[in-house]
Amino acid sequence: MTEIFTGNFTQQEPIPQAGIRAANAVMEHGRLHRYNVGPGEISETVALEEEFAAFLGAKYCLATSSGGAAIATALRATGVTAGTPVLTNAFTLAPVPGAIAAISAKPVFVETTAALTMDAEDLAAKAAASGAKHLLLSHMRGHQPNMEQTMALAETLGLTVIEDCAHTMGGMSCGLPSGRHGHVAAFSTQTYKHINSGEGGFLTTDDAEIAARSILLSGSYMLYERHAAAPPAEVFEALRDVTPNVSGRMDNLRAAVLRPQLRELPDRVRRWAVLHDAVEDGLKDNPDITLIPRDPSLVRVGSSFQMCLFDWPPERIERLVSGCLARGVELKWFGAPRAQGYTSRYSHWRYAGSARLSATDRILDGLIDMRLPLTFDEADARLIARIISEEVKKLASVPA
Ligand SMILES: *Cc1c(COP(=O)(O)O)cnc(C)c1O
């Protein structure tokens, strides 16, 4: 019997009841803007920033309107201006080079390893060739390098490191929460990430000046004293008149929806591990599938699954994607000639004008990607793996 999967790959869990109640309360009192507070009131946004800083163990936290806004703010706050070269992953999501382009800086893409992380040797080479002093390190799809080694290399190269933790919120590297190794970290609360407010993000740092500059940049209208996870007012004094107000704030409605989800995050990470392990377990014995190796120092958040079909011709991968889709399993492929929906690669971002990266190309040409929403259970994950494995077997025997 041919098994079919009937789950929905883009269906999130509902907002927890506590979030719905808190959001309703915000709508009832009507003070949706983060700085619009009644006497003695702590806005939802301010409370969320304190809770996220505590969750991560960071000194300072700023909630933003998106992950992309958090990244662009972090870049500006660390001194990136028009024309500045910024090293970043060739394998990442479009808002990452987009944030660099938003401030007219120049993305310099670095090669990708088989673990889907940034290649350290190429990082050193590209840093030397470009003269870049900024590294925007994107932990795309939850794959992080060993962060102690990466930070040691970055220090040797004199790089300021901004971690893009959109897919690692709740994960760890070398015993620290993801985002705690670099100078600044950016997170997203966009609907497909680990906590969901539709749109939104965070910036975290331990550096008082970067934090103050980020708050001013995010559009604080000189109300920076209303922040709690922020440095004292003196730090703002020298910056307040020379930093532009680039609106990208979070509002109280989204913050209200996020606070109960943040409390659930450790449990979500455990549930994602169950789903991800079940898919990997179901595919590990298939000789045509290469699973992605993982640094043992890592706690990965398994909110999506990747695998590689090395050296498969494009037509065969297209047949696999359509064969799986016919059985209800939605795979994405990074090897398509043009960007499709959320799936794109460095060569599609033509504004960045990158030279070809042969190691990245070999991997992305065979890279398959799949969402694992928490509305799936372990039995779903096992069924999905059976379907993928059968479809791969069917096609692997077809001559190229
Ligand atoms: C989602 C995402 C971002 C930020 O996206 P926004 O939609 O701007 O919140 C950044 N990096 C990666 C890898 C992402 O997946």
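Criteria and thresholds
- Residues numbered from 1 in each chain as written.
- Predicted model: local features only at pLDDT ≥ 70, side-chain atom pairs only at ≥ 80, totals over all residues.
- Heavy atoms only, no water.
- Pairing = 2+ DSSP bridges.
- Helix = DSSP H or I, 4+ residues; strand = E, 2+ residues; numbered from the N terminus.
- Contact = heavy atoms within 4.5 Å.
- Axes fitted to C-alpha atoms, helices over the stretch in contact; angles between N-to-C directions.
- Buried < 20%, exposed > 50% of the residue type's maximum accessible area, 1.4 Å probe, protein only.
- Polar contact = N/O pair within 3.5 Å; in protein donor to acceptor, adjacent residues only side chain to side chain.
- 1 Å grid on protein atoms, 1.4 Å probe; cavity = no way out; pocket = protein on both sides within 12 Å on 5 of 7 lines; lining within 4 Å.
- Points joined across faces, edges and corners; volume = space filled by probe spheres on them.

Engineer: Whenever I open this one, the sheet that holds strand 10 (residues 290-291) confuses me. Can you help?
Structural biologist: Through backbone hydrogen bonds, the strands of a sheet pair up, either in parallel or in antiparallel fashion. An order of 10-12-14-13 is seen for the four strands of this open sheet, with the pairing classed as antiparallel. Strand pairing shows two members of the sheet lacking a second neighbour, strand 10 and strand 13 (332-333), which therefore form its edges. In this structure, strand 12 (residues 304-308) lies alongside strand 14 (residues 367-371), joined through five bridges in antiparallel fashion. Note on strand 14: the bridge partner recorded for cysteine 308 is leucine 367. Relative to the sheet, helix 9 (residues 252-283) contacts strand 10, strand 12 and strand 14, its axis offset from that of strand 12 by approximately 25 degrees.

Engineer: Just to check I follow, could you spell out the side chain of glutamate 44 for this structure?
Structural biologist: Within the secondary structure, glutamate 44 sits in helix 2 (residues 44-56). Its relative accessible area of 18% is what places glutamate 44 among the buried residues. A distance of 2.9 Å separates polar atoms of two side chains, one belonging to glutamate 44 and the other to arginine 259. When residues no more than four places from it in sequence are discounted, the contact partners of glutamate 44 are Ala22, Val26, Asn252, Ala255, Ala256 and Arg259.

Engineer: Got a minute to help me understand the layout of surface pockets in this structure?
Structural biologist: Empty pockets left among the atoms are what a rolling probe the size of a water molecule brings to light. Considered as a void within the structure, the largest pocket measures approximately 220 Å³ in volume. What lines the largest pocket is a set of 20 residues, among which Gly68, Pro95, Ala166, Ser188 and Lys193 lie closest to the centre. Only helix 3 (67-77), helix 4 (95-102) and strand 8 (184-188) provide two or more residues apiece to the lining of the largest pocket.

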